[in-house]
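One letter stands for each residue in the lines below.
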Amino acid sequence: MHDLRRRWDLGSLCRALLTRGLAAVGHSLKHVLSAIFSKIFGPLASVGNMDEKSNKLLLALVMLFLFAVIVLQYVCPGTECQLLRLQAFSSPVPDPYRSEDESSARFVPRYNFSRGDLLRKVDFDIKGDDLIVFLHIQKTGGTTFGRHLVRNIQLEQPCECRVGQKKCTCHRPGKRETWLFSRFSTGWSCGLHADWTELTSCVPAVVDGKRDARLRPSRNFHYITILRDPVSRYLSEWRHVQRGATWKASLHVCDGRPPTSEELPSCYTGDDWSGCPLKEFMDCPYNLANNRQVRMLSDLTLVGCYNLSVMPEKQRNKVLLESAKSNLKHMAFFGLTEFQRKTQYLFEKTFNMNFISPFTQYNTTRASSVEINEEIQKRIEGLNFLDMELYSYAKDLFLQRYQFMRQKEHQDARRKRQEQRKFLKGRFLQTHFQSQSQGQNQNPGQNLSQNPNPNPNHNLTQNLSQNLTQSSNPNMIQKENRASQRQGSGQEQSDSSTSNGTNDYIGSVETWR
């Protein structure tokens, strides 16, 4: 109780001292401002016979100005605010597709792709039988992208996602049939993280039931996927396994059967591999994390599935890599985890489907928090040498597609503006010609007196063609002017009025451009 009373007395004393100090500072500041005011505004007040109220008003304005200056210097000292404002007005609008991933302004391609490889525009009929199939590779950001597909797309009939349920109902407009085959729409219908080999043989049977293949409707299956930098993906998978993930529900079905325990041995003996160090994770020769992206994107039937004795290892790696590149290139769409906004842009342009909110680039992940030295970095790259080459190929193709689509978008916009200018110019000439013709028809006698030509529309047609020729060829202006000087005064007035109207319109069009 005694301590509480002491604290209260100290607090009261501090508040009293602070109040008196502020009062003293305010009193001193008042005297200083009064002196400044008397020096500056004293002569003006005496000359103008200013009364006491005017003096107080000017004093209040001066004090307010000084207070604003002090606050501005405290919040934004120096000329920093002015520089920021000038920079905001002078700098161009940043490109959101380039700034979000910090990619270089100039991209130098390494591979030569055809126009057909770069132009990815799918005529996706969501009301028909077309189906988007999402190939979800572990630890590539596929969960985030999968949620975008069911929650963030503008659709005539949006997906129904209920709280507490992982799967959403994504039906076609007017039909009780899904247009999306993914984890968040149909679940793991072909096994946990099914690969290319499993999906291409499983999806048609799951979608159309157990009927005979000849009775199934003709569908377009549009495969999509997301890739990630191999080192980051590998470290992220290790951290996921370290926390207890096993993916035991993966079937790995190839050529009609799953692999045997001899073809695909396990790296651990217990229920899971939780708590394993990175060195142990890298030392397992049967670890499916090694070159996972190549294995999941290639046709495993070309190399005998998981039977490593079918062909030499070097030949097997070459076949797998070429198959993965080919399947990736011919997919309807693929994105990269490191380029979220560009991924969003290419998906929207490919399928003509817009997202509601923009994608977010997350540069801080569990993999980025893992500190590794250069030796471990090189070893991880060696264990994933096929993925490293595939990712380099995919990144080059991805950025070339992005540049191609942006250039095509700019060209289409420029062509549209040119068509609008032509249309507006034609409409103007047509309206102007009709108005001049109506004016001449109303006053035929005056037109004949000013122009002896029996054809009343001849001069107007000649003037319009003359103005169009002048606008298209500036070198003809002097010749046309000399020719117009030899004509009558009435015709000169008509020519000048028509020329001014046409040239003013053309000038306004160029300014609008």
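Above: the structure in question.
Residues numbered from 1 in each chain as written. Predicted model: local features only at pLDDT ≥ 70, side-chain atom pairs only at ≥ 80, totals over all residues. Heavy atoms only, no water.

Student: Can you tell me about the state of the cysteines, naming the residues and giving the values?
Tutor: A complete count under the given rule lists five disulfides for this structure. The disulfide partner of C159 is C170, and the S-S distance across this bridge is 2.1 Å. Between C159 and C170 the disulfide shows an S-S torsion of about 120°. By sign, it is right-handed. Remark: C170 occurs in the loop between α6 (142–151) and β2 (180–181) and C159 occurs in the loop between α6 and β2; sequence separation between them is 11 residues. Considered together, C159 and C170 belong to a single accessibility category, that of buried residues. For C276, which is in no disulfide, the shortest distance to another cysteine sulfur is to C267 and amounts to 9.2 Å. (Disulfide = S-S within 2.5 Å. Helix = DSSP H or I, 4+ residues; strand = E, 2+ residues; numbered from the N terminus. Buried < 20%, exposed > 50% of the residue type's maximum accessible area, 1.4 Å probe, protein only.)

Student: Would you mind going over the layout of surface pockets in detail, with residue names and values included?
Tutor: Here the idea is plain: a probe the size of a water molecule rolls over the atoms and shows the empty space left. Approximately 840 Å³ is the volume found for the largest pocket. For the largest pocket, the lining is made up of 32 residues, of which K139, T140, G141, R228 and T365 are closest to its centre. With four residues, α6 is the largest single contributor of residues to the lining of the largest pocket. Of the residues assigned to the lining of the largest pocket, the class counts are seven nonpolar, 19 polar and six charged. Considering only enclosed or pocket space, the second largest pocket measures out at about 660 Å³ in volume. If you go around the second largest pocket, you meet 24 residues; those closest to its centre are P285, N290, L308, R316 and N317. Among the secondary structure elements, those contributing two or more residues to the lining of the second largest pocket are α10 (292–297), α11 (313–330) and α14 (385–442). Of the residues forming the lining of the second largest pocket, the biggest block, four residues, is contributed by α11. Each residue belonging to the lining of the second largest pocket can be placed in one class, and the counts come to 15 nonpolar, four polar and five charged. (1 Å grid on protein atoms, 1.4 Å probe; cavity = no way out; pocket = protein on both sides within 12 Å on 5 of 7 lines; lining within 4 Å. Points joined across faces, edges and corners; volume = space filled by probe spheres on them. Nonpolar A, V, L, I, M, F, W, Y, C, P; charged D, E, K, R; others polar.)

Student: Give me the sheet that holds strand β3 (residues 221–227): which residues, what numbers.
Tutor: If you walk across this open sheet you meet the four strands as β2-β1-β3-β4, and the pairing is parallel. Looking at strand neighbours, the two that pair on one side only are β2 and β4 (333–336), the edges of this open sheet. Sheet analysis places strand β1 (residues 131–135) next to β3, joined by five bridges and oriented parallel. What sits directly across from F134, in β3, is I224. (Pairing = 2+ DSSP bridges.)

Student: I'd like to hear about the environment of A367, residue by residue, with values.
Tutor: Along the chain, the position of A367 falls in the loop between α12 (340–351) and α13 (374–383). Separated by 129 residues in sequence, A367 and W238 have C-alpha atoms that sit 8.8 Å apart. Every residue in contact with A367, bar those within four places of it in the chain, is listed here: R228, S232, L235 and S236. (Contact = heavy atoms within 4.5 Å.)

Student: Describe the side chain of Q400, with residues and values.
Tutor: Checked against the element boundaries, Q400 lands in helix α14. Under the relative-accessibility criterion, Q400 is labelled buried at 11%. Contact partners of Q400, with chain neighbours within four places excluded, come to F107, P109, R110, Y111, F113 and L118.

Student: So, empty space enclosed by the protein: which residues are in play, and what are the values?
Tutor: Summed over all chains, the structure comprises three cavities of 30 Å³ or more. Around the largest cavity sit 15 residues that line it, and F134, F181, G187, W188 and L199 are the ones nearest its centre. Among the residues forming the lining of the largest cavity, the class breakdown is seven nonpolar, seven polar and one charged. What the second largest cavity holds in volume is close to 70 Å³. What lines the second largest cavity is L118, R120, A332, F333, F334, L346, T350, F398, R401 and M405. Contributions of two or more residues to the lining of the second largest cavity are made by β4, α12 and α14. Top element by residues in the lining of the second largest cavity is α14. It accounts for three residues. Across the lining of the second largest cavity, the residue classes tally to seven nonpolar, one polar and two charged.

Student: Kindly report on helix α8 (residues 230–242), identifying the contributing residues and their values.
Tutor: Counted at 1.5 Å a residue, the expected span for α8 with its 13 residues is 18 Å, and the 18 Å between its end C-alpha atoms agrees. Among the residues making up α8, those that are buried are P230, V231, R233, Y234, L235, S236, E237, W238 and V241. Phi turns positive, to about 115°, at G244, one or two residues after α8. (Expected span 1.5 Å × (residues − 1).)

Student: Can you explain the pattern of salt bridges? Please cite residues and give values.
Tutor: Scanning the entire structure with this criterion turns up 15 salt bridges. The salt bridge partner of E263 is R257, with a shortest N-O separation of 3.1 Å. Here R257 falls in the partly exposed class, since its relative accessible area comes to 39%. Here D412 ties to K408 by a salt bridge, and the two come within 3.2 Å at their closest N and O atoms. (Salt bridge = Lys/Arg side-chain N within 4 Å of Asp/Glu carboxyl O.)

Student: Could you give an account of α6, naming the residues involved and the relevant values?
Tutor: Those residues of α6 that fall on the buried side of the exposure criterion are G142, F145, G146, H148, L149 and V150. Next to the buried residues of α6 lie β1, β2, β3, β4 and α12.

Student: An account of the side chain of R233 is needed here, citing residue identities and associated values.
Tutor: Inspection of the secondary structure assignment puts R233 in helix α8. Overall, the relative accessible area of 0% leaves R233 in the buried class. Of note is the side chain of R233, whose polar atom sits 2.6 Å from the side chain of E237. Every residue in contact with R233, bar those within four places of it in the chain, is listed here: Q138, K139, T140, R228, A289, R292 and Q293. (Polar contact = N/O pair within 3.5 Å; in protein donor to acceptor, adjacent residues only side chain to side chain.)

Student: Please set out the pairing of β4 residue by residue, giving values where relevant.
Tutor: The two faces of β4 match: F333 and G335 on one face and F334 and L336 on the other face are all buried. Across four bridges, β3 lies against β4 in parallel orientation. Across the sheet, I224 pairs through a bridge with F333, a residue of β4.

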